[in-house]
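Structural overview for review
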Amino acid sequence: MSFSLPNLPYAHDALQPYMSKETLEYHHDKHHLAYVNNGNNLLKGTEWEGKSLEEIVKGSFGKNAGLFNNAGQHYNHLHFWHWMKPSGGGKLPGKLEAAIVSSLGSVDKMKEDFIQAGVTQFGSGWAWLAVKDGKIIVSKTQNGESPLVHGAMPILGCDVWEHSYYIDYRNRRPDYLKAFVDHLVNWAYVEQMFEAATKK
Ligand SMILES: [Fe+2]
């Protein structure tokens, strides 16, 4: 398979005022496109040509840094667009909420830990909710890594590369993370990934 850039599942201006049209024009149309194009060039002639995206990400980790960085970021961004929606945030769906309470104590604690993970990720990277050994965990990774290469299945990720927030929030990464959790997250999509991860 080769990588391709999907359309955003909403208009570029649909996440305002929490994420601007300009941010999505750069982030989706230019940054994500670059990962797709670079990934396709680097995939050619490797042992991973013809494999699924998850197999490419897991297989190239620690073996082919250039391919991994671009394939990893392609995987992360494919989901990132769906982890947000207009008028997001709000109440969590029941099954997901119950699992979060059971694993992490409460929804408020999960939000606090998730924001803290993003704030304390030094440099570029991602904050995550993931499923590991049947439990929901909070984690953070650098650059294009994700829980996929750390023995877990991602169910929610927030991009904390500066390209994701600097136009709208400048250096205020904590404000961006809080707006993401409270106003952007598509919790129904998170629950869908949770259910897929726990069926495996
Ligand atoms: Fe990004």
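Before any of the text, the structure's been laid out above.
Residues numbered from 1 in each chain as written. Predicted model: local features only at pLDDT ≥ 70, side-chain atom pairs only at ≥ 80, totals over all residues. Heavy atoms only, no water.

**Digging into the sheet that holds strand E2 (residues 135-142)**
In spatial order, the strands read E2-E1-E3; together these 3 strands make up an open sheet with antiparallel pairing. Two strands lie at the open edges of the sheet, namely E2 and strand E3 (153-159), each paired on one side alone. Within this sheet the neighbouring strands show an average axis-to-axis angle of 25 degrees, counted without direction. As judged from the 6 bridges shared by strand E1 (residues 125-132) and E3, these two strands associate in the antiparallel manner. What sits directly across from Ala130, in E3, is Pro154. Sheet strands touched by helix H3 (residues 65-82): E1 and E3. Its angle to E3, the strand with the most contacts, is close to 85 degrees. (Pairing = 2+ DSSP bridges. Helix = DSSP H or I, 4+ residues; strand = E, 2+ residues; numbered from the N terminus. Axes fitted to C-alpha atoms, helices over the stretch in contact; angles between N-to-C directions. Contact = heavy atoms within 4.5 Å.)

**A closer look at the packing of helix H4 (residues 94-104) against helix H5 (residues 107-120)**
The N-to-C vectors of H4 and H5 enclose an angle of 75 degrees; their axes lie 8 Å apart at closest approach. Judged by the angle between their axes, H4 and H5 are roughly perpendicular. Residues Glu97, Ile100, Val101 and Leu104 of H4 lie in contact with H5, whose contacting residues are Val107, Lys109 and Met110. Among the residues making up the contact of H4 with H5, the classes are represented as 5 nonpolar, no polar and 2 charged. (Parallel < 35°, antiparallel > 145°, perpendicular 65-115°, else oblique. Nonpolar A, V, L, I, M, F, W, Y, C, P; charged D, E, K, R; others polar.)

**A few points about the pattern of salt bridges**
With the rule as written, the count across this model stands at 6 salt bridges. Residues Lys95 and Glu195 are paired through a salt bridge, measuring 3.0 Å at the closest nitrogen-oxygen approach. Of this pair, Lys95 sits in helix H4 while Glu195 sits in helix H8 (residues 187-199), and the two are 100 residues apart along the sequence. The class of Glu195 is partly exposed, set by a relative accessible area of 25%. One salt bridge in this structure joins Asp113 and Lys109, with 2.9 Å as the shortest N-O distance. Of this pair, Asp113 and Lys109 both sit in helix H5, separated by 4 residues, roughly a single helical turn. Given the relative accessible area of 25%, Asp113 is considered partly exposed. (Salt bridge = Lys/Arg side-chain N within 4 Å of Asp/Glu carboxyl O. Buried < 20%, exposed > 50% of the residue type's maximum accessible area, 1.4 Å probe, protein only.)

**A look at H5**
At 3.6 residues per turn, the α-helix brings residues three or four places apart onto the same side. Under the 1.5 Å per step criterion, the end-to-end length of H5 is 20 Å for 14 residues, consistent within 8% with the ideal 20 Å. Residues of H5 that are buried: Val107, Met110, Lys111, Phe114, Ile115, Ala117 and Gly118. Each buried residue of H5 sits inside an arc of 155 degrees when the element is viewed along its axis, so together they form one side. Opposite its buried face, H5 presents the exposed residues Asp108 and Glu112, each directed more than 90 degrees away. At its buried positions, H5 is contacted by H4, E1, E2, E3, helix H7 (173-184) and H8. (Expected span 1.5 Å × (residues − 1). Arc of directions from axis to C-beta.)

**As for the environment of Asp108**
Inspection of the secondary structure assignment puts Asp108 in helix H5. On the basis of relative accessibility, which here comes to 58%, the residue Asp108 falls in the exposed class. Distance from Asp108 to Ala11, taken between C-alpha atoms, is 30 Å for residues 97 residues apart in sequence.

**As for the coordination of the iron ion**
Around the iron ion, the donor atoms from the protein are His27 (NE2), His77 (NE2), Asp159 (OD) and His163 (NE2), and they sit 1.9 to 2.1 Å away. Summarised as a motif, the one-chain spacing of the donors to the iron ion is H-x49-H-x81-D-x3-H. Of this pair, His77 sits in helix H3 while Asp159 sits in strand E3, and the two are 82 residues apart along the sequence. (Donors = N, O, S within 2.8 Å, 3.2 Å for Na, K, Ca; no water.)

**Some thoughts on the packing of aromatic side chains**
Overall, the coordinates contain 11 aromatic pairs when judged by the stated rule. Note on Phe114 and Phe180: the rings are 6.3 Å apart at their centroids and 15 degrees apart in plane angle, and the pair reads as stacked. Pair noted here: Phe114 is in helix H5 and Phe180 is in helix H7, with a separation of 66 residues, a long-range link. An identical accessibility class is assigned to Phe114 and Phe180; each is buried. Centroid distance Tyr165 to Tyr166: 6.3 Å. Interplanar angle 45 degrees. Geometry classified as tilted. In this structure Tyr166 comes out as partly exposed when scored by relative accessible area, which is 33%. An aromatic cluster is built from Phe80, Trp81, Trp83, Phe114, Trp126, Trp128 and Phe180, whose rings are joined through pairwise contacts. (Phe/Tyr/Trp six-rings, centres within 6.5 Å; stacked < 30°, edge-to-face > 60°.)

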